[in-house]
Amino acid sequence: MSVSADPAPPTAAPMTSRAGGGRLAAVDALRLLAAAGVAAYHYLGTPTPHFWGTYDLTRTAPVLHALSRYGWLGVEAFFLISGFAVCMSCWGRTPAQFAVSRIARLFPLYWTVVLVIVIVAWIARLAGQRPAAPVDLRTTLGNLTMLPGPLGLRTTDGVAWTLWVEARFYLLMAVLLLIGLTYRRTIAFCLLWLTLAAIGRELHSSVLDEFLLTQYAGLFVAGMALYLMHRFGPNLLLWLLTGFAWCYTLTLLGDRVAEHTAPAAPGGTPGWGICAAVLTVFLILLALSGPGPLGRLRWRVLVYAGALTYPFYLVHQSLGIPVVRGLLKAVPALGLVPAIVLGLCFSLALSAALNHLVDRRAGAWLRRRLTSDIAVPGDPVGRRTPPPDPPVRQPSSRTGTVCQP
């Protein structure tokens, strides 16, 4: 896997406060922060030699490059947020409702971006240039399934590998929904998941790695535990679960650090301490944004920014970076940093257009149609699942209503 293609699209559900009075704007702000980190890594922190041609990032923007090289941690941050948000999205839903919500949220935008990338690549080829993305029909069709990796194909969009990680997390949550989503069962599920994931690491089992997401299990579980705190109130059991998941996460973080840094000596992975500290700060911010006081924020601009992060991740690398390279070639006097700013602005503008034209319209239409098509006589797709059993300690001020995305 190339270290310059390591983003994680924000595929989590919209954030709704347990009080029923609005979205969790603080969590949307964290999603925006993670998006900014990964974009900074791709544009300014990439270790790929000569990524911007004759420009040397270590000389052109040394401070920005030094800070941005840790931006890949936005990948881990998004998986942490996903544990929180997907658990919220599942609560009170049937498996069919959950499947419809995920399909309608992910696929319309993804299909659109893949086709745009292929069209742009064909135009570049006709103009005598060599496109970075594969444009043959077989690869394009395989990418439209959102499963290019398992099918042995290159990704048309460089971010698509993370969607397969998210999809397997959704499958695990669907299993929990089939069993019945309750407070105690969710805790038991998280503990069992982490235990089996640790066994998979011990056995060096590629099968268990594939199904249990052993590298990222701790991130998803920590997010789920924080959501349980948000819904039912913090207690010792949930803090212990979060701590156990976080120890697991930071232990395995060394593998990810090694992918993004060259060891200074055999067996050494410089930067682990900094990466662990940055990721822990993000965990604390999520705890403050969900069950903590920042959950009261109701800033509409943050909510809107959170809605743009998924389309932004789909376009910022495969479409935004070619724009920057085109600007540098057409207007050399512009300079690298101004060209990058313009490329990011282009990506944001395109993300806003995709959100308005595709996500809000095509996504809503697909959700309605799938809900109608999946409903057959006797199928409880339109009914809610029974409410969860309460925890041992449930402060009356923190219970709230059922959280719906």
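Quick look at the structure, then. (Residues numbered from 1 in each chain as written. Predicted model: local features only at pLDDT ≥ 70, side-chain atom pairs only at ≥ 80, totals over all residues. Heavy atoms only, no water.)

## Here we look at the packing of aromatic side chains
Then comes step 1: Inspection of the entire model under this criterion finds 17 aromatic pairs.
Then comes step 2: Taking the centre distance of 5.3 Å and the plane angle of 45° together, the rings of Phe-79 and Phe-220 count as tilted. Here the residue Phe-79 occupies a position in helix H4 (residues 73-90), and Phe-220 occupies one in helix H10 (residues 217-232), the gap between them amounting to 141 residues. Exposure class is identical for Phe-79 and Phe-220. Each is buried.
Then comes step 3: Between the aromatic rings of Phe-84 and Tyr-227, the centroid separation amounts to 5.6 Å while the plane-to-plane angle is 85°, which identifies the pairing as edge-to-face. Here Tyr-227 lies in helix H10 and Phe-84 lies in helix H4, a separation of 143 residues in the sequence.
Then comes step 4: One cation-aromatic arrangement involves Arg-102 over Tyr-170; the distance from NZ or CZ to the ring centre is 5.4 Å.
Then comes step 5: One residue, Arg-125, lies across the ring of Trp-122, its end atom 5.1 Å from the ring centre. (Phe/Tyr/Trp six-rings, centres within 6.5 Å; stacked < 30°, edge-to-face > 60°. Helix = DSSP H or I, 4+ residues; strand = E, 2+ residues; numbered from the N terminus. Buried < 20%, exposed > 50% of the residue type's maximum accessible area, 1.4 Å probe, protein only. Lys NZ or Arg CZ within 6 Å of the ring centre and 35° of its normal.)

## Things to note about the state of the cysteines
Then comes step 1: All told, the structure shown has zero disulfides when counted by the stated rule.
Then comes step 2: Its sulfur unpaired, Cys-90 is 6.6 Å from the next cysteine sulfur, which belongs to Cys-87. (Disulfide = S-S within 2.5 Å.)

## A look at the pattern of salt bridges
Then comes step 1: One pass over the structure, following the stated rule, counts seven salt bridges.
Then comes step 2: Where Glu-76 meets Arg-256, a salt bridge forms, and the shortest distance between an N and an O atom there is 2.6 Å. One end of the pair, Glu-76, is in helix H4; the other, Arg-256, is in helix H11 (residues 236-260), and 180 residues separate them in sequence.
Then comes step 3: Looking at Glu-76, the relative accessible area reads 2%, which means it is buried.
Then comes step 4: One salt bridge in this structure joins Asp-255 and Arg-201, with 2.5 Å as the shortest N-O distance. Of this pair, Asp-255 sits in helix H11 while Arg-201 is found in helix H8 (residues 183-203), placing the two residues 54 residues apart along the sequence.
Then comes step 5: On the accessibility criterion, Asp-255 (36% relative accessible area) is partly exposed.
Then comes step 6: Judged by its relative accessible area of 28%, Arg-201 falls in the partly exposed class. (Salt bridge = Lys/Arg side-chain N within 4 Å of Asp/Glu carboxyl O.)

## Focus on the packing of helix H1 (residues 25-45) against helix H14 (residues 336-374)
Then comes step 1: Contact geometry of H1 with H14 gives a least axis separation of 11 Å together with a crossing angle of 145°. Every pair of crossing elements has a handedness; the one defined by H1 and H14 is right-handed. Here Ala-39, Tyr-43 and Leu-44 of H1 lie close against H14, whose contacting residues are Ile-340, Gly-343, Leu-344 and Ser-347.
Then comes step 2: Among the residues making up the contact of H1 with H14, the classes are represented as five nonpolar, two polar and no charged. (Axes fitted to C-alpha atoms, helices over the stretch in contact; angles between N-to-C directions. Left-handed = near helix turned anticlockwise from the far one by under 90°. Contact = heavy atoms within 4.5 Å. Nonpolar A, V, L, I, M, F, W, Y, C, P; charged D, E, K, R; others polar.)

## Comments concerning a nonpolar patch on the surface
Then comes step 1: A cluster of nonpolar side chains, namely Leu-192, Leu-196, Ile-199 and Leu-203, defines an oily patch on the protein surface of about 350 Å² accessible area.
Then comes step 2: Note on placement: Ile-199 falls in helix H8. (Patch = residues over 30% accessible without salt bridge, like charges linked within 9 Å, V, L, I, M, F, W, Y side chains within 5 Å. Areas by Shrake-Rupley, 256 points an atom, 1.4 Å probe, with all protein chains shown as cover.)

## Some remarks on the packing of H1 against helix H13 (residues 300-330)
The angle between the axes and the distance between the axes are what describe a pair of packed helices.
Then comes step 1: Where H1 meets H13, the axes come as close as 8 Å, and the angle between the chain directions of the two elements is 10°. Considering their axes alone, H1 and H13 lie roughly parallel with respect to each other. Only Leu-302, Val-303, Ala-305, Gly-306, Thr-309, Phe-312, Tyr-313, His-316, Gln-317, Gly-320, Ile-321 and Val-324 of H13 make contact with H1, whose side of the interface consists of Ala-25, Asp-28, Ala-29, Arg-31, Leu-32, Ala-34, Ala-35, Ala-36, Val-38, Ala-39, His-42 and Tyr-43.
Then comes step 2: Class assignment for the residues of the contact of H1 with H13 results in 16 nonpolar, six polar and two charged. (Parallel < 35°, antiparallel > 145°, perpendicular 65-115°, else oblique.)

## Considering the nonpolar core
Then comes step 1: Core analysis: the biggest nonpolar cluster contains 92 residues, and Phe-169, Met-173, Trp-193 and Leu-253 have the highest contact counts within it.
Then comes step 2: Ignoring sequence-local partners within four residues, the contact set of Leu-253 consists of Trp-72, Leu-73, Trp-272, Cys-275, Ala-276 and Leu-279.
Then comes step 3: Tyr-43, Leu-57, Leu-336 and Ala-339 belong to the second largest nonpolar core, which has eleven residues in total. (Core = buried A, V, L, I, M, F, W, Y, C linked by side-chain atoms within 4.5 Å.)

## Comments concerning the side chain of Gln-215
Then comes step 1: Mapped onto the fold, Gln-215 is located in the loop between helix H9 (206-212) and H10.
Then comes step 2: A polar side-chain atom of Gln-215 sits 3.0 Å from the main-chain carbonyl oxygen of Leu-252.
Then comes step 3: Beyond its immediate sequence surroundings of up to four residues, Gln-215 is in contact with Arg-201, Leu-252, Asp-255 and Arg-256. (Polar contact = N/O pair within 3.5 Å; in protein donor to acceptor, adjacent residues only side chain to side chain.)

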